[in-house]
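Chain by chain, the residues run as shown.
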Amino acid sequence: MRSKPLALAFVFTFAATLPLLLAACSTNTTDDDTGAPSPSTAPTSPLTPRVLDTTASHDAVGTTVRFTAGDTSIHVTMADNRAAQDFLSMLPLTLEFEDFAGNEKISYLPRELDHEETEGSILNQGDFLYYIPWGNVGFWYTAEPSTHAADSVVLGSYAASLDDLQYLEGRDVTVEALP
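Residues numbered from 1 in each chain as written. Predicted model: local features only at pLDDT ≥ 70, side-chain atom pairs only at ≥ 80, totals over all residues. Heavy atoms only, no water.

Draft legend 1. Quick peek at the overall build of the protein. Within the protein, the secondary structure is distributed over three helices and nine strands. Mapped in sequence order, the helices and strands of the protein form the string α-β-β-α-β-β-β-β-β-β-α-β. As displayed, the protein offers around 10,900 Å² of accessible surface, 56% of which is attributable to carbon and sulfur atoms. (Helix = DSSP H or I, 4+ residues; strand = E, 2+ residues; numbered from the N terminus. Areas by Shrake-Rupley, 256 points an atom, 1.4 Å probe, with all protein chains shown as cover.)

Quick look at the structure:
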């Protein structure tokens, strides 16, 4: 009869140490020679904020961002570039938009976006953009393509009416990524 308590003690000890053994045997991907886990492999929990890995562009592509003022919402599907990732890292935000030159609705960000290794682009109707020289974002709504390709980065695309875009002007616009 003594073997039962001994067997139970062994089972409980093994169950308690199994996670430690598995963790010790797992491989850990690191970014450099420091041995620190890379942001994409670092464990996260609801209490640990996720670090944006700006070396991998897959974090942004396809993410939907909602711009809301009152009852009006505009959804932007984010592009696959470093500037789009950096924009996502700033969310949530509150911005105020204004019309610029009858081509776009613009707003200034609290800081410049990291646009390194992001190529400029000609803007087309429906592009959500970042204008590098001024550090602003905008909704390009005119049918005419932009002429500032080297200075403009497409952060994403949207489908909204001019009335929806005009409603954003002069109001606090809440900007948040959707789950």
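Draft legend 2. Examining unusual backbone geometry more closely. Looking along the chain, the bond that leaves L91 and enters P92 is cis, with omega of 5°. By the element assignment, P92 lies in the loop between α2 (82-89) and β3 (93-95). Backbone geometry places A101, a non-glycine residue, at a positive phi of 60°. Relative to the assigned elements, A101 resides in the loop between β4 (98-100) and β5 (104-108). By relative accessible area, which is 60% here, A101 ends up exposed. One non-glycine residue with positive phi stands out, namely E117, at about 65°. Within the element layout of this structure, E117 appears in the loop between β5 and β6 (127-131). (Buried < 20%, exposed > 50% of the residue type's maximum accessible area, 1.4 Å probe, protein only.)

Draft legend 3. Structural context of the packing of aromatic side chains. In total, this model carries 10 aromatic pairs according to the counting rule given. When the centroid spacing of 6.5 Å and the interplanar angle of 15° are considered together, the rings of F67 and F87 count as stacked. Placement of the pair is F67 in strand β1 (residues 64-69) and F87 in helix α2, with a sequence separation of 20 residues. For the pair shown, F67 and F87 are each scored as buried. Geometrically, the ring pair formed by F67 and F139 is edge-to-face, given 5.0 Å between the ring centres and 75° between the ring planes. Residue F67 is found in strand β1, and its partner F139 is found in strand β7 (residues 136-140); the two are separated by 72 residues along the sequence. (Phe/Tyr/Trp six-rings, centres within 6.5 Å; stacked < 30°, edge-to-face > 60°.)

Draft legend 4. Up close: α2. Counted residue by residue, α2 has seven buried out of eight residues, so it is predominantly covered. All of the buried residues in α2 are R82, A83, A84, Q85, D86, F87 and L88. Two or three places before A83, at the start of α2, stands the capping residue N81, its side-chain oxygen 3.2 Å from that residue's backbone nitrogen. (Polar contact = N/O pair within 3.5 Å; in protein donor to acceptor, adjacent residues only side chain to side chain.)

Draft legend 5. Expanded view of the nonpolar core. The biggest cluster of nonpolar side chains holds 30 residues, and the ones touching the most others in it are F67, F87, L109, V137, F139, L155 and V175. In terms of residues, this core owes the most to one element, α2, which gives four residues. Residues in contact with V137, not counting those within four places in the same chain, are F87, L95, F97, K105, I106, S107, L109, F128, L129, Y130 and L155. L123, L129, W140 and V154 belong to the second largest nonpolar core, which has five residues in total. (Core = buried A, V, L, I, M, F, W, Y, C linked by side-chain atoms within 4.5 Å. Contact = heavy atoms within 4.5 Å.)

Draft legend 6. Quick peek at the sheet that holds β3. Here nine strands make up an open sheet; going across it, the order is β3-β9-β1-β2-β8-β6-β7-β5-β4 and the pairing antiparallel. The two strands at the open ends of the sheet, each matched to only one other strand, are β3 and β4. Taken pair by pair, the neighbouring strands of this sheet meet at an average axis angle of 35°, ignoring direction. Across three bridges, the pairing between β4 and β5 is antiparallel. Its bridge partner being in β5, F100 is matched across the sheet by E104. Sheet contacts for α2: β1, β2 (72-78), β3, β6, β7, β8 (152-158) and β9 (173-177); angle to β8, the most-contacted strand, approximately 65°. (Pairing = 2+ DSSP bridges. Axes fitted to C-alpha atoms, helices over the stretch in contact; angles between N-to-C directions.)

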